[in-house]
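Take a look at the letters that make up each chain.
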Amino acid sequence: MKQTKIFFVLLLFVFSVAVGFIQVDKETTPIALIKKIVQDVSYRPVDSSDWEAAKTGAPLKSGEQIKTGFKSLALVLFSDGTGLLRVRENSTMYIYGEKEDNKINKNTFIEKGLVGFDVNKQDAEEFKFTTPTAVAAIRGTAGYIEVGKDSSTTIVCDHGRIEVESLIGNKEKATVDGGSALNISKKGVIAKGIISSLENDKFNKSTKTSVKKIRIETEEGTIELEFYPEEE
Amino acid sequence: MLKIERKYIKSISFVLAIILCCTTSIMGQVSNTVSSVTFGEIKDGNNVNVTASLINSASISRVQIVYKSFQETDFRTREMEIQGDIATYQIAGVDVIAPTLSYYLVIEMKNASMETYPLGVPDAAQPIILTVSSMSEKDSEILILSPSSNETLSLNDLFISISMVKASDVVDISKTKIIFNGQDVTQNVIFAGELLLYYPQNFEQSFNSGSQNLEVLVYNKAGELYHSIKRDFVALDLAQIKELGSGIRFNGDAAGEIRNESFNDKSTFYQNLGLTLNAGIGDWNFKGYGYLTSEENKNVQPQNRYSLSVSSDWLNLRAGDSYPRYNNLLLNGKRVRGVDGKIDYGIIHIHGTYGEVRREIEGTLDSLYSEDNAPLKSNVVRIDSAKYGAPFGMVDFGNHSRNLLSARLGLGSKNGFEFGVSFLHSKDDVKSVEFGSKPEENLVASTDMRLALDDQRIILKGVGALSVMNSDITYGTYSDSEIDSIFNVGDELGNDIENFKNIKNRISPFFTVNQFIEPLNFTELSSLAAEGSLELNYFNNNLKGLYIYRGNQFSSFGQEYTRTDVAGLNISDRFRTLDNQLFFTLGYENLNDNLQKTKVATTTFQTVRTSVSLYMRQNMPNITLSYIRNKNNNDISPTDSANQTSIINDITDRFSLNLGYDFNYKVRHSSSLSFMTSNRVDEGFYKNDAKYFSTSFNLNSFWTRQFVSNFSVIYYNSDISSRKYKYITIAAGGRYKMLEDNLELAMNYSPSFGDFSRHALDLTAAYQVIRNLWLRAQMRYYNMKDSGANTISGVTVRYNF
């Protein structure tokens with residue numbers, strides 16, 4: 001009986017260690033990695049149909065997908081050090097990248113939700129965001145992109161410049177400078193303006209990465225929940 | 001791209017290594033008050049923390065660091081924060097410019113004497129020259145993605161990620177070494193293509209919470225070191241980042257110290273207590289700090305320190321002791337006990353400070369005199385005869401308490417255009433003491449602007465300040481009747497009496513108006529200080545032109561060490577080439593004094609500076625060679641017998657050579673070697689010729705992760721006005737960690753021979769009693785020629801929570 005217990009404990013230990021260690025493909029350079037995770041963040045490998053729980057420090061290859069749950073957050077760093085993405089709650093996005101010499105051309109497809117970005121000035125490489133209704137090319141820019149439930153896209157530029165092209169309708173083109181915002185409707189119509197106070201608040205909140213915790217006392221013990229408090 | 005044959009590199013490296021290892025000269029300075037000064041990594045544009053360890057700190061009232069970069073005109077004088085037996089200061093990154101940073105310390109004793117570190121600066125010794133390493137193109141090839149620089153994170157979130165995506169083709173990524181907290185952890189690093197990943201918590205058996213350091217050594221395909229980068233960060237145990245159910249997180253530390261200093265047969269016992277508490281809720285951070293010491297007493301300026309601060313993205317508010325930084329003419333780094341607040345909201349920047357910068361210290365009445373026998377001396381003053389029984393007394397003056405109010409309104413962005421207006425008003429409290437030196441008042445108005453264009457390649461900066469000073473406010477503002485008694489209608493100024501009264505009445509609520517105001521005539525610009533600079537960063541050049549003007553009566557109580565009565569131009573250029581491995585610096589400065597014709601002659605100060613720095617990073621030492629020539633002369637003729645004592649005519653030539661070399665021989669070593677020589681030829685009246693030579697060598701060897709040794713030698717030789725002074729100092733010691741890093745032992749022995757004779761022994765033992773509770777015992781023994789044996793012994797208990 002005692003030996004059985006020891007065996008199970010050892011088995012549990014080996015299993016825990018195996019799961020705890022992040023599996024890494026040693027041949028391909030990952031496009032990005034997950035810098036920080038709050039609460040419920042999962043990712044889907046290229047060749048898998050199943051979502052897996054993401055871990056801090058996990059590398060991301062081109063074509064992999066990230067999903068955040070309720071009150072959750074993921075910070076994504078690109079391997080060339082050019083930018084940081086803040087994937088807010090209830091968002092889904094794909095990371096794409098192609099290495100060319102010493103640069104990585106990056107494209108992030110935001111399926112839904114809000115992604116804040118802070119991107120250094122690019123040399124020659126591309127840094128693009130794609131949504132169901134638009135594609136945006138950025139250089140040395142901070143802001144956020146939000147994809148609504150109706151697939152409309154809102155692009156807010158705090159500083160720098162973003163070139164936007166609608167993917168549907170008349171495929172209009174526009175440029176968003178610092179302090180401006182732009183909306184592409186589900187029909188591809190572009191509307192420009194300055195950043196509203198609501199958008200400004202959203203941008204400020206999108207730059208926050210601190211979390212709060214609550215503790216719930218139960219009969220089985222204390223449950224601790226970590227959550228990102230800003231998005232009500 | 002300069003290509004140097006590998007065999008030559010090896011030959012040169014070998015010769016230099018032999019020189020470095022065989023020399024008998026070195027670094028370390030002698031001092032009666034400072035045992036050592038340590039600097040953090042000195043890199044172009046980065047903040048640098050300076051820590052000075054003090055000897056006999058009981059006798060020290062103030063420590064100032066005086067520093068400047070190679071190209072700069074003025075030394076900046078800043079007050080260091082004294083806590084127990086250390087003094088600290090952080091030099092702002094904007095003041096840290098390659099190729100060198102010169103510094104010395106000014107130590108003021110409680111008995112009003114003063115000395116410098118190293119001893120005798122500026123007459124008998126030169127400031128210490130430190131090499132400032134420059135940012136390299138290679139720095140942008142090797143990227144530490146995580147952790148960020150100076151980041152504080154939880155141990156559970158700690159992972160290390162290094163990107164080689166942008167590395168040169170000559171780099172062999174597989175040869176990269178990762179040194180984490182002094183230990184080579186490469187075997188545990190995952191090489192994922194051009195991304196290196198390391199998860200310390202998967203491997204480290206005992207992983208101490210707190211400061212961590214990371215070093216990445218990158219090699220080329222020939223196996224030679226291509227580049228190395230370091231990063232410091234803090235990783236804390238979850239126990240140290242506690243989070244309450246309400247969302248409040250906190251951490252902190254408490255430390256208590258008892259110390260006995262025996263100096264010149266006099267023993268002094270100290271007790272110090274320090275407490276730091278950090279807390280946060282949401283985006284708001286709170287910090288409380290307190291330091292209580294038995295050295296506190298009413299006869300010296302405050303020794304205790306305390307502050308409470310709250311900060312967020314847009315607000316920074318601090319109560320207690322703060323060190324506000326406005327501009328270099330107004331207020332910068334001076335301790336203020338009161339409140340200091342900053343608001344940054346979009347393009348609006350507001351900064352306000354109010355508090356006491358000097359507390360009152362009552363003077364003492366030493367002797368009494370009658371009307372008849374009172375001597376005519378400046379410190380013999382009329383006193384209250386009813387109170388003291390005599391009309392005159394000889395007084396040792398104290399000082400009045402001094403309050404300061406300052407504020408700035410800025411508009412714009414630091415990345416583009418920003419304009420600011422600010423003021424400072426500071427006044428002594430006349431009633432704070434009975435026997436004090438003359439109470440004063442100061443008002444300064446200032447403007448500043450900064451314009452950056454073309455992605456910071458063009459930077460135009462300007463700052464100006466105009467001051468008014470009242471050198472005696474004892475009797476306050478003139479009354480109308482006093483004005484009437486001074487002027488008569490028939491006088492030349494008599495018709496303006498009413499105007500004068502009106503102006504006085506308008507000004508007096510803000511500033512004391514009497515005969516001690518200066519300047520009286522603003523049109524001479526004697527109280528104006530201004531400087532403007534234009535910086536151009538193109539074609540690998542950093543070209544900077546600076547014009548300064550500081551009238552002889554300019555004065556700010558917030559910046560008391562500003563050099564006045566000087567104007568002129570400073571032009572410098574720093575050119576970098578060979579992938580930021582080779583730097584040339586050339587500078588010319590032409591200043592003159594006597595701006596308001598208050599001196600018998602005008603002196604011209606001309607300086608030529610040039611340096612060349614080589615940072616090859618491939619098994620080659622870093623080399624910085626610099627030459628400075630100062631020529632000072634005024635227009636007094638040698639035949640002018642009436643003014644010949646005022647003749648200034650001297651030339652000083654200074655050469656310095658600094659070499660730094662990190663190499664592997666069995667284990668890792670870090671070494672430095674420097675030579676400095678100075679020769680002043682004085683053709684003035686006093687013929688104060690001076691010759692000076694010093695050399696120093698320092699070697700740190702990292703034998704194991706637990707054991708680090710250090711060795712240094714300094715040789716100093718000067719001949720100043722035919723007075724010769726020569727000594728040599730050797731220092732050797734080491735640090736050893738044992739019992740799974742829970743016990744750390746350190747020892748250092750440093751004898752000095754020659755005209756400066758001293759033996760110094762330092763012993764330290766630190767033991768972690770329970771997790772985060774450290775007990776540290778320290779003993780220093782000094783045997784000096786003039787004071788005999790002195791000891792400092794103490795015990796410190798520190799707990800992090």
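Owing to the predicted nature of the structure, the values given are computational and were not obtained by experimental measurement.

Rules of the game
- Residues numbered from 1 in each chain as written.
- Chains lettered and ligands numbered in written order.
- Predicted model: local features only at pLDDT ≥ 70, side-chain atom pairs only at ≥ 80, totals over all residues.
- Heavy atoms only, no water.
- Helix = DSSP H or I, 4+ residues; strand = E, 2+ residues; numbered from the N terminus.
- Buried < 20%, exposed > 50% of the residue type's maximum accessible area, 1.4 Å probe, protein only.
- Contact = heavy atoms within 4.5 Å.
- Areas by Shrake-Rupley, 256 points an atom, 1.4 Å probe, with all protein chains shown as cover.
- Pairing = 2+ DSSP bridges.
- Axes fitted to C-alpha atoms, helices over the stretch in contact; angles between N-to-C directions.
- Polar contact = N/O pair within 3.5 Å; in protein donor to acceptor, adjacent residues only side chain to side chain.
- Salt bridge = Lys/Arg side-chain N within 4 Å of Asp/Glu carboxyl O.
- Patch = residues over 30% accessible without salt bridge, like charges linked within 9 Å, V, L, I, M, F, W, Y side chains within 5 Å.
- Core = buried A, V, L, I, M, F, W, Y, C linked by side-chain atoms within 4.5 Å.
- Phe/Tyr/Trp six-rings, centres within 6.5 Å; stacked < 30°, edge-to-face > 60°.
- Lys NZ or Arg CZ within 6 Å of the ring centre and 35° of its normal.
- Arc of directions from axis to C-beta.
- pLDDT = per-residue confidence, 0-100.

Student: What's the story with the overall build of chain A in this structure? I'm lost.
Tutor: The number of helices and strands found in chain A is two helices and 17 strands. In chain A, which comprises 232 residues, the share counted as buried stands at 46%. Residue pairs at least 24 apart in sequence account for 44% of intrachain contacts in chain A once pairs closer than 6 positions are excluded. Entry remark: accessible area of chain A is about 11900 Å², with carbon and sulfur atoms responsible for 52%.

Student: Looking at this structure, how should I read the sheet that holds strand β28 (residues 380-382) of chain B?
Tutor: Backbone-to-backbone hydrogen bonds pair the strands of a sheet. The strands run either parallel or antiparallel. Residues and elements named next belong to chain B. Taken together, the three strands give an open sheet; going across it, the order is β27-β29-β28, and neighbouring strands pair in antiparallel fashion. Each edge of the open sheet is held by one strand with a lone partner, namely β27 (364-369) and β28. Across the sheet, the axes of successive neighbouring strands diverge by a mean angle of 40 degrees, strand direction being ignored. Judged from the three bridges that link them, β28 and strand β29 (residues 392-396) form a sheet pairing that is antiparallel. Residue pairing across strands places V381 opposite G393, the latter belonging to β29.

Student: For this particular structure, what's the right way to read the side chain of B:R305?
Tutor: Mapped onto the fold, B:R305 is located in strand β23 (residues 305-311). At 2.9 Å, the side chain of B:R305 forms a polar contact with the backbone oxygen of B:P302.

Student: Whenever I open this one, the sheet that holds strand β2 (residues 48-54) of chain B confuses me. Can you help?
Tutor: Residues and elements named next belong to chain B. With respect to topology, four strands assemble into an open sheet ordered β1-β2-β6-β5, the strand pairing being antiparallel. Both outer strands of the open sheet, β1 (34-39) and β5 (81-83), are each paired with one neighbouring strand and no more. Strand-to-strand twist across the sheet, computed as the mean angle between neighbouring axes with direction ignored, equals 20 degrees. Alignment of β1 against β2, held across five bridges, turns out to be antiparallel. Bridging from a neighbouring strand, S36 pairs with S53 of β2.

Student: Help me understand the pattern of salt bridges in this model?
Tutor: Pairing is possible between side chains that carry opposite charge, provided their charged atoms lie close to one another. For the coordinates displayed, the defined rule picks out 39 salt bridges over all chains. A salt bridge links A:K202 to A:E146, with the nearest nitrogen and oxygen atoms 2.8 Å apart. In this pair, A:K202 is assigned in helix α2 (residues 197-206) and A:E146 in strand β11 (residues 134-147), connecting sequence segments 56 residues apart. The exposure class of A:E146 is partly exposed, given its relative accessible area of 23%. With a shortest N-O distance of 3.0 Å, B:R798 and B:D253 are connected by a salt bridge. Of the two residues, B:R798 is situated in strand β49 (residues 788-800) and B:D253 in strand β20 (residues 248-263); the sequence distance between them amounts to 545 residues. Looking at B:R798, the relative accessible area reads 38%, which means it is partly exposed. Among the ionic contacts, a cluster of salt bridges with common partners joins B:K334, B:R358, B:R402, B:D428, B:E440 and B:E560.

Student: When you look at the pairing of strand β47 (residues 758-770) of chain B in this model, what are you seeing that I'm missing?
Tutor: Each regular strand carries side chains that alternate between the two faces of the sheet. Residue and element names in this part refer to chain B. The sheet contact formed by strand β46 (residues 743-754) and β47 spans 10 bridges and is antiparallel. In the strand pairing of β47, S750 is matched with A760. The antiparallel pairing of β46 with β47 creates a hairpin that spans three residues between the two strands. In this structure, β47 lies alongside strand β48 (residues 773-784), joined through 12 bridges in antiparallel fashion. Residue I770 lies in a different strand from β48, and its bridge partner there is L773. From the end of β47 to the start of β48, which pair antiparallel, there are two residues, and N772 there has a positive phi angle of about 70 degrees.

Student: Would you explain a nonpolar patch on the surface in this entry?
Tutor: All names here are of chain B. Side chains of I258, F269, Y736, M738, L739, L745, Y767, V769, I770, L775, V795 and V797 sit close together on the surface and give an oily, nonpolar patch of about 990 Å² of accessible area. Those elements that place two or more of their residues in the nonpolar patch are β45 (723-738), β47 and β49. Tracing the backbone shows I770 in strand β47. For I770, a relative accessible area of 49% translates into the label partly exposed.

Student: Looking at this structure, I do not really get the nonpolar core. What am I missing?
Tutor: Nonpolar side chains tend to gather and get buried jointly when the protein is soluble and globular. Core analysis: the largest hydrophobic core is formed by 39 residues, its most contacted members being A:V76, A:L85, A:M93, A:F129, A:I162 and A:V164. Other than its neighbours up to four places away in sequence, A:I162 contacts A:F117, A:A136, A:A137, A:I138, A:T141, A:I155, A:V156, A:C157, A:A174, A:T175 and A:V176.

Student: Explain the packing of aromatic side chains here, please?
Tutor: In this description, a pair of aromatic rings is defined by centroid distance and the angle of the planes. Evaluation of the coordinates by the stated rule reveals 24 aromatic pairs over all chains. Centre to centre, the rings of B:F707 and B:Y736 are 6.2 Å apart; their planes meet at 70 degrees, and the pair counts as edge-to-face. Pair noted here: B:F707 is in strand β44 (residues 707-720) and B:Y736 is in strand β45, with a separation of 29 residues, a long-range link. These aromatic residues form a ring-pair network of at least three members: B:Y692, B:Y716, B:Y725, B:Y727 and B:F756. Sitting above the plane of the A:W51 ring, A:K67 keeps its charged end 4.4 Å from the centroid. Between the NZ or CZ atom of B:K68 and the centre of the ring of B:F75, over which it lies, the distance is 5.6 Å.

Student: Please explain α2(A) as it appears in this structure.
Tutor: Because the α-helix completes a turn every 3.6 residues, residues three or four places apart line up on one side. Residue and element names in this part refer to chain A. Within the span of α2, buried status applies to E199, F203 and S206. The arc that holds every buried residue of α2, seen down its axis, measures 65 degrees, which confines them to one face. Opposite the packed face of α2, turned more than 90 degrees from it, sit the exposed residues S197 and L198. For α2, the secondary structure elements touched by its buried residues are β7 (83-87), β9 (103-119), β11, β12 (153-166), β14 (180-184) and β15 (190-194).

Student: Explanation requested: the confidence of the model for chain B in the structure shown.
Tutor: Atomic detail in the predicted coordinates should be set aside for any region of low pLDDT. Across chain B, the average pLDDT comes to 85, with 92% of residues at or above 70. Here residues 1-28 of chain B is modelled with pLDDT under 50, and outside its nearest four sequence neighbours on either side it reaches 54 contacts, counting other chains as well.

Student: I keep staring at helix α4 (residues 497-507) of chain B and nothing clicks. Help me out?
Tutor: Residues and elements named next belong to chain B. Every buried residue of α4 is accounted for by I497, K501 and K504. Each buried residue of α4 lies within a common arc of 65 degrees when the element is viewed along its axis, so the set occupies one face. Buried residues belonging to α4 abut α3 (480-486).

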